[in-house]
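# Working through the structure, step by step
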Amino acid sequence: MYMTHDFTFKRVMIKLTGESFNQANEKGLNFDVVDAVSRGLLEMRERTGYEMAIVVGGGNLYRGREANTQVDKATADYIGMLATIMNGLALEESINRLDKKRTAILMTAIQMNAVAETFYRKTALARLEKNRIVILAGGTSSPFFTTDSAAALRAAELNCNIILKCSTTDGVYTSDPDQNSEAQKYKYLNYQTALEKHLKVMDSNAFAICQNEKIPILVFKAEDLGRVLGGEKLGTMVADVPDEMF
Ligand code: UDP
């Protein structure tokens, strides 16, 4: 058990956006950045004893919604899901190279037997109980979803106590901080406030799962992952709590 933001957790779901796999304004995979993420994850596990499931995004390689209008949307999304598998494979390799115990295991939602195991809930749960780092790629395996949805879905079915969500902003604000200098950042944000004020935390499918299942979401900037993993109180905690500003 470990405390952060006054919450106690045993099993965490980490949603790594594609941007966690390279530097700002870079496309593709940067293996030095992947290694830095792996070190942060391993250190966190060492210090906290968290059981860790990780859902990887693919935006550094490809996002379905970036496809040209003539491209079939579902196909574009499948390409996006395959991109997440490349990231997952890179992360698995990196963690297992840096950690002699080789505890990371990649599971994919889309069958890819030569590359990784297919996701199966009971196996994933057993691995988490043995403190292996379970990396989940291939999203939900369905087009028209995002890896946020996958993170929420897997967090619910794998009994994770929180989602640590890497984002492009450093938390949730009352309004867009780029457009409004008066915008304030939430330290704690109630699910219902987020809905009523149309504050963007995760996509709406993902958010609904988290609210229904009462899974807290900590939103923070991707480049701050190391600091968050280091125990600093950064970002916004979205949960069934009263609103509070920084
Ligand atoms: N995707 C999908 N279904 C899923 C998850 C992902 O179709 O369940 C596709 C979608 O095209 C998405 C891409 O995979 O744009 C990459 O995922 P995402 O955009 O969520 O990655 P991130 O923003 O986290 O880097």
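Report follows, based on the coordinates. Note that this is a predicted model, so its numbers are computed, not measured.

## A short note on the site of the ligand
- Lining the immediate surroundings of the ligand are 21 residues, of which K15, G18, D77, T140 and T147 lie closest.
- A distance of 3.3 Å is found between an oxygen atom of the ligand and a side-chain nitrogen or oxygen belonging to T17.
- Contact distances for the ligand include 3.1 Å between an oxygen atom and a backbone N or O atom of G58.
- Look at the ligand: alone it shows 520 Å² of surface, and the protein chains cover 96% of it.
- Looking at the shell around the ligand, the element that brings in the most residues is helix α2 (residues 73-98), giving three residues.
- In the shell around the ligand, the residues fall into five nonpolar, 12 polar and four charged.

## Side note on the packing of aromatic side chains
- On inspection of all chains with the given rule, the structure shows one aromatic pair.
- On the numbers, 6.0 Å between centres and 70° between planes, the contact of Y191 with F207 is edge-to-face. On the criterion of sequence distance, the pair formed by Y191 in helix α5 (residues 191-196) and F207 in helix α6 (residues 204-213) is long-range, its members being 16 residues apart. Each of the two residues, Y191 as well as F207, counts as buried.
- Over the face of the ring belonging to F246 we find K185, whose NZ or CZ atom lies 4.7 Å from the ring centre.

What counts as what
Residues numbered from 1 in each chain as written. Predicted model: local features only at pLDDT ≥ 70, side-chain atom pairs only at ≥ 80, totals over all residues. Heavy atoms only, no water. Near = heavy atom within 4 Å. Polar contact = N/O pair within 3.5 Å; in protein donor to acceptor, adjacent residues only side chain to side chain. Areas by Shrake-Rupley, 256 points an atom, 1.4 Å probe, with all protein chains shown as cover. Helix = DSSP H or I, 4+ residues; strand = E, 2+ residues; numbered from the N terminus. Nonpolar A, V, L, I, M, F, W, Y, C, P; charged D, E, K, R; others polar. Phe/Tyr/Trp six-rings, centres within 6.5 Å; stacked < 30°, edge-to-face > 60°. Buried < 20%, exposed > 50% of the residue type's maximum accessible area, 1.4 Å probe, protein only. Lys NZ or Arg CZ within 6 Å of the ring centre and 35° of its normal.

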